[in-house]
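Chain by chain, the residues:
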Amino acid sequence: MVRISPRAVRAAAVAVCGALVLTACGSTEDSGSGSAGADGSGKVGVILPLLTSPFWQSYNDYVPKMAESEGVDALKTVNSNSDPSQQITDINNQLNQGVKGLVVAPLDSAAIEAGLDQAERKNVPVVAVDVAPEKGKVAMVVRANNVAYGEKACEYLGQQVPSGKVVQIMGDLASVNGRDRSEAFRDCIKKNYPDLTVLEIPADWESDTAASKLDTLLNANPDIKGIYLQAGGVYLAPTLQTLRSKGMLKKTGEEGHITIVSNDGIPQEYDAIRKGEIDATVSQPADLYAKYGMYYIKAAMEGKTFEPGPTDHGSEIVKLPSGILEDQLPAPLVTKDNVDDPELWGNTVG
């Protein structure tokens, strides 16, 4: 994955204003403080981080449906193809097309600041989906609690595996998501399950990297008892294939079964749970990411603002240390006990 250098990020940051201070009602009422005549009309650009993951493919499919239901005139989505520098170019291209709002899923929590600065200079509101920027102005972050992802995976593995070695296949640590999940899992194990030893694989949300590093780790540690996949969309298939190639893919209840907890809630994970190949996943709400990404960008274009507190859709708006507001959507743990729940988004897509 291409990276923007820290020096370039710092240079972009010089031009960026402080984080947006949001002061109106968390109940989503109109604050009346928006720009004169703001009616929420105009084209909205939607920028994806990648399309190689089933999770982002599902999100991409939901975008036009949710845009229509929320009354948003969304352009065709743009794929930044896992390249943070390309994502900044994509933002600039959308702004040059005259969009009145942007919904962006940042690839890099720091690098995205340069794109947010471009949007701010043109008075175009931005809603961030899935990843919270470290700095920059956004109207809202639509995201689930990624600390809770790591903690849920820790608690499940800790209850299933009394002692031994467990692995977390981590995401990109340049992303706040990768850091939150990694630190939460690590800290939870250390605090609550001292008989477990955590081995870590930095995999940068890349399937090939996950497969090769897992293969190497298993050669040195064939006694692994559990695995936490921080992103099932990119790590599920290579993990199962690696275990299968080594004769280590045992189903739930079989001797030698490695307990696996994933994260995304895609249909492929549900199928693997039903087959007994993995044990659980945390359902990251692709449908609600699209829905509330559209909801909040329309609100921002209308001049509405929000404040921390419970929402009317079962979530909580919180203020991040940066001052940015984040709507933390629910993300349930899915096991064999509830994998067939028709309310789970992963059971509603093909």
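A quick note: this is a predicted structure, and the numbers were derived from the prediction, not measured.

A. Local environment of the pattern of salt bridges. The full count for this structure, using the stated rule, is 14 salt bridges. Note that Glu326 is salt-bridged to Arg143, the shortest N-O span being 3.1 Å. One end of the pair, Glu326, is in strand β14 (residues 325–329); the other, Arg143, is in strand β6 (residues 140–144), with 183 residues separating them in the sequence. Where Lys304 meets Glu302, a salt bridge forms, and the shortest distance between an N and an O atom there is 3.3 Å.

B. The side chain of Ser80, seen in detail. In this fold, Ser80 is placed in the loop between β3 (78–79) and α3 (84–96). In terms of polar contacts, Ser80 uses its side chain to reach the side chain of Asp90, at 2.7 Å. Filtering out sequence-adjacent residues up to four positions away, Ser80 remains in contact with Ile47, Leu48, Pro49, Gln86, Gln87, Asp90 and Leu107.

C. Layout of the state of the cysteines. Scanning the entire structure with this criterion turns up one disulfide. Bridging Cys154 to Cys188, the disulfide has an S-S length of 2.1 Å. Between Cys154 and Cys188, the S-S torsion sits near -75°, and that sign places the bridge as left-handed. Of this pair, Cys154 sits in helix α5 (residues 146–160) while Cys188 is found in helix α6 (residues 176–192), placing the two residues 34 residues apart along the sequence. Given the relative accessible area of 0%, Cys154 is considered buried.

D. Seen up close, the packing of helix α7 (residues 207–220) against helix α8 (residues 232–245). Where α7 meets α8, the closest approach of the two axes is 9 Å, and the angle between their N-to-C directions is 35°. The way α7 lies across α8 gives a crossing that is right-handed. Contact with α7, carried on its side by Ser207, Ala210, Ala211, Leu214, Asp215 and Leu218, involves Val234, Tyr235, Pro238, Thr239, Thr242 and Leu243 of α8 and no other residues of that element. Taken together, the residues that form the contact of α7 with α8 break down as eight nonpolar, three polar and one charged.

E. Representation of the packing of α3 against helix α4 (residues 112–121) within the structure. Contact pair α3 / α4: the axes reach a minimum separation of 8 Å and the direction vectors enclose 10°. Relative to α4, the element α3 lies roughly parallel. Counting all contacts with α3, which are made through Gln87, Ile88, Ile91, Asn92 and Leu95, the residues of α4 involved are Ile112, Ala114, Gly115, Gln118 and Ala119. For the contact of α3 with α4, a count of residues per class yields six nonpolar, four polar and no charged.

F. Fine view of the packing of aromatic side chains. Enumeration over the complete set of coordinates arrives at ten aromatic pairs. Plain terms: the ring middles of Phe55 and Tyr289 are 6.1 Å apart, the flat faces sit at 80° to each other, and that makes the pair edge-to-face. Of the two residues, Phe55 is situated in helix α2 (residues 54–70) and Tyr289 in helix α10 (residues 286–301); the sequence distance between them amounts to 234 residues. On the basis of relative accessibility, which here comes to 1%, the residue Phe55 falls in the buried class. Aromatic side chains Trp205 and Tyr235 sit 6.5 Å apart centroid to centroid with 20° between the ring planes, which places their arrangement in the stacked category. Of this pair, Trp205 sits in the loop between β8 (196–202) and α7 while Tyr235 sits in helix α8; the two residues are 30 residues apart in sequence, bridging distant segments of the chain. Classification of Trp205 by relative accessible area gives buried; the value is 18%. The ring of Tyr292 carries the charged tip of Lys291 above its face, separated from the ring centre by 5.6 Å.

G. How the structure looks around α3. With 13 residues, α3 ought to run about 18 Å at 1.5 Å a step, and its terminal C-alpha atoms sit 19 Å apart, in line with that. Those residues of α3 that fall on the buried side of the exposure criterion are Pro84, Gln87, Ile88, Asp90, Ile91, Gln94 and Leu95. Taken around the axis of α3, the buried residues stretch over an arc of 160°, which confines them to a single face. Where α3 terminates, the next one or two residues include Gly98, which has phi positive at roughly 85°.

H. Just empty space enclosed by the protein, in detail. Per the stated rule, a full pass over the model turns up one cavity of 30 Å³ or more. Counted as a void, the largest cavity has a volume near 250 Å³. Forming the walls of the largest cavity are 19 residues, and the residues nearest its centre are Leu50, Trp56, Asp130, Trp205 and Ala231. Counting only elements with at least two residues in the lining of the largest cavity, the list comes to α2, α6 and α8. In the lining of the largest cavity, the residues fall into eleven nonpolar, five polar and three charged.

Rules used in this analysis
Residues numbered from 1 in each chain as written. Predicted model: local features only at pLDDT ≥ 70, side-chain atom pairs only at ≥ 80, totals over all residues. Heavy atoms only, no water. Salt bridge = Lys/Arg side-chain N within 4 Å of Asp/Glu carboxyl O. Helix = DSSP H or I, 4+ residues; strand = E, 2+ residues; numbered from the N terminus. Polar contact = N/O pair within 3.5 Å; in protein donor to acceptor, adjacent residues only side chain to side chain. Contact = heavy atoms within 4.5 Å. Disulfide = S-S within 2.5 Å. Buried < 20%, exposed > 50% of the residue type's maximum accessible area, 1.4 Å probe, protein only. Axes fitted to C-alpha atoms, helices over the stretch in contact; angles between N-to-C directions. Left-handed = near helix turned anticlockwise from the far one by under 90°. Nonpolar A, V, L, I, M, F, W, Y, C, P; charged D, E, K, R; others polar. Parallel < 35°, antiparallel > 145°, perpendicular 65-115°, else oblique. Phe/Tyr/Trp six-rings, centres within 6.5 Å; stacked < 30°, edge-to-face > 60°. Lys NZ or Arg CZ within 6 Å of the ring centre and 35° of its normal. Expected span 1.5 Å × (residues − 1). Arc of directions from axis to C-beta. 1 Å grid on protein atoms, 1.4 Å probe; cavity = no way out; pocket = protein on both sides within 12 Å on 5 of 7 lines; lining within 4 Å. Points joined across faces, edges and corners; volume = space filled by probe spheres on them.

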